[in-house]
Amino acid sequence: MKIFIANWKMQLSPEESVRTARRFARVFRDYKGRALLCPDFLSLAAVSKILAKSNLSLGSQDLSAFDRGAYTGEISPLDLRSLGVEYSLIGHSERRSYLQESDKLLAAKIKMALSHKIIPVLCVGENALERKQGRAMTVIKNQLKGALQSFSIADLRSLIIAYEPVWSIGTGLSCDRDKALRVKATINEWCQRGGFKKVPVLYGGSVKPDNALSFLGSDGFDGLLVGGAGLDPESFRKIADLN
Ligand code: PGA
């Protein structure tokens, strides 16, 4: 079954998140697939209540690398889990670039997610310059190595990887299917070589209802990570129906 994730980023106020989550719950009333919403932290508790009786799961956009203690401003995975969070994005490119999140920090966050039974969705992807210089595959392999090398095969049983070319996020420029699938093959190969056999690989970057299908299919990606089109329940339902 494919996986569909709507990442709301910091686009909505808590009131708007509640209204939007209610609309999603209605639109997904008869949904049978695997789809989740990632609201911002301030909206998580309220959205969690709305989704509790729905067919949608709950994800967070990030989590702390610590679970309790003197870590000002951090959000504990313990508390996320108790709010019903089942998944967490880790290493989204916006956090890597604006907040300088390092591979070492991402590895610590993955460890924390796993120890609190939250499924980590590790985001990787090259920026425009790296692609232009022909370094996309090297950059992605380094990101995988940096975040995952310290884990055992058993540790990473629940891991999901999302390939999101940075130049494609929020730009309307989705990646060409063949190029994206070449990256997926590289990620699959890297995982297999490490013994991580069945890691689902999602695509993200300007996914819309009219281009989503091109990334899916039996030889395509295992799901999609959606930003802009994931704010609208009807658009996201169209995408999530391509199961
Ligand atoms: P986008 O965002 O669909 O708006 O390009 C994707 C993402 O950042 O996860």
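Relevant structure appears above.
The paragraphs below set out a description of the structure included in this document. Fair warning: this is a prediction, and the values are worked out from it, not measured in the lab.

Overview of the site of the ligand
Around the ligand, the structure places 14 residues, and the nearest of them are Lys-9, His-92, Glu-164, Gly-170 and Ser-206. In the environment of the ligand, an oxygen atom lies 2.7 Å from a nitrogen or oxygen atom belonging to the side chain of Lys-9. The backbone of Gly-170 places a nitrogen or oxygen atom 2.6 Å from an oxygen atom of the ligand. Taken by itself the ligand offers 280 Å² of open surface, and the protein chains cover 96% of this. The cavity where the ligand resides is the second largest pocket. Counted by class, the shell around the ligand contains 4 nonpolar, 8 polar and 2 charged residues.

Quick notes on the pairing of strand S5 (residues 119–124)
With 6 of its 6 residues buried, S5 lies for the most part within the structure. Of the two faces of S5, both are covered, the one formed by Ile-119, Val-121 and Cys-123 as well as the one formed by Pro-120, Leu-122 and Val-124. Two strands pair when backbone bridges link them, and strand S4 (residues 85–90) and S5 are joined in this way by 4 bridges, in the parallel orientation. From the neighbouring strand, Ile-90 faces S5, where its bridge partner is Leu-122. Strand direction decides the pairing type here: S5 and strand S6 (residues 160–163), joined by 4 bridges, are parallel. What sits directly across from Leu-122, in S6, is Ile-161.

Section: the pattern of salt bridges
Applying the stated rule across the entire model yields 14 salt bridges. The shortest N-O distance in the salt bridge between Glu-234 and Arg-23 comes to 3.6 Å. Residue Glu-234 is found in helix H9 (residues 233–240), and its partner Arg-23 is found in helix H1 (residues 14–27); the two are separated by 211 residues along the sequence. The class for Arg-23 is partly exposed, based on a relative accessible area of 34%. A salt bridge links Lys-109 to Asp-62; the nearest nitrogen and oxygen atoms lie 2.8 Å apart.

Comments concerning the environment of Ser-168
With respect to the helices and strands, Ser-168 occurs in the loop between S6 and helix H8 (177–193). Residues Ser-168 and Arg-22 lie 146 residues apart in sequence; the distance between their C-alpha atoms is 29 Å.

Structural notes on the sheet that holds S6
Here we have 8 strands rolled up into a closed barrel, ordered S1-S2-S3-S4-S5-S6-S7-S8, and parallel in their pairing. This sheet shows a mean twist of 25° between the axes of neighbouring strands, independent of strand direction. Both strand S2 (residues 34–38) and strand S3 (residues 57–60) contribute to a ladder of 2 bridges, which runs parallel. Opposite Leu-37, over in S3, you have Leu-58 as the bridge partner. Strands strand S1 (3–7), S2 and strand S8 (223–226) of the sheet are contacted by H9, whose axis makes an angle of about 160° with S1.

Re H1
Relative to the 20 Å expected for 14 residues at 1.5 Å per residue, H1 spans 20 Å between its end C-alpha atoms, a close match to the ideal helical length. Inspection of H1 places Ser-17, Val-18, Thr-20, Ala-21, Phe-24 and Ala-25 among the buried residues, and these make up the whole buried set. Here the buried face of H1 lies against S2, helix H2 (41–51) and H9.

Concerning the layout of surface pockets
In this structure, the largest pocket occupies an estimated 390 Å³ of space. The biggest single contributor to the lining of the largest pocket is helix H4 (residues 93–98), with 3 residues. Among the residues forming the lining of the largest pocket, the class breakdown is 5 nonpolar, 4 polar and 5 charged. Across the lining of the second largest pocket, the residue classes break down as 6 nonpolar, 8 polar and 3 charged.

Quick word on the environment of Trp-167
With respect to the secondary-structure elements, Trp-167 resides in the loop between S6 and H8. It is 5.2 Å that separates the C-alpha atoms of Trp-167 and Ala-128, two residues lying 39 residues apart in sequence. If near-sequence neighbours (up to four positions away) are discounted, Trp-167 is found in contact with Glu-126, Asn-127, Ala-128, Arg-131, Leu-173, Ser-174 and Cys-175. Here the side chain of Trp-167 touches Glu-126 through a polar contact of 3.0 Å, side chain to side chain.

How each quantity is defined
- Residues numbered from 1 in each chain as written.
- Predicted model: local features only at pLDDT ≥ 70, side-chain atom pairs only at ≥ 80, totals over all residues.
- Heavy atoms only, no water.
- Near = heavy atom within 4 Å.
- Polar contact = N/O pair within 3.5 Å; in protein donor to acceptor, adjacent residues only side chain to side chain.
- Areas by Shrake-Rupley, 256 points an atom, 1.4 Å probe, with all protein chains shown as cover.
- 1 Å grid on protein atoms, 1.4 Å probe; cavity = no way out; pocket = protein on both sides within 12 Å on 5 of 7 lines; lining within 4 Å.
- Sits in = over half its atoms within 2 Å of the grid points.
- Nonpolar A, V, L, I, M, F, W, Y, C, P; charged D, E, K, R; others polar.
- Buried < 20%, exposed > 50% of the residue type's maximum accessible area, 1.4 Å probe, protein only.
- Helix = DSSP H or I, 4+ residues; strand = E, 2+ residues; numbered from the N terminus.
- Pairing = 2+ DSSP bridges.
- Salt bridge = Lys/Arg side-chain N within 4 Å of Asp/Glu carboxyl O.
- Axes fitted to C-alpha atoms, helices over the stretch in contact; angles between N-to-C directions.
- Contact = heavy atoms within 4.5 Å.
- Expected span 1.5 Å × (residues − 1).
- Points joined across faces, edges and corners; volume = space filled by probe spheres on them.

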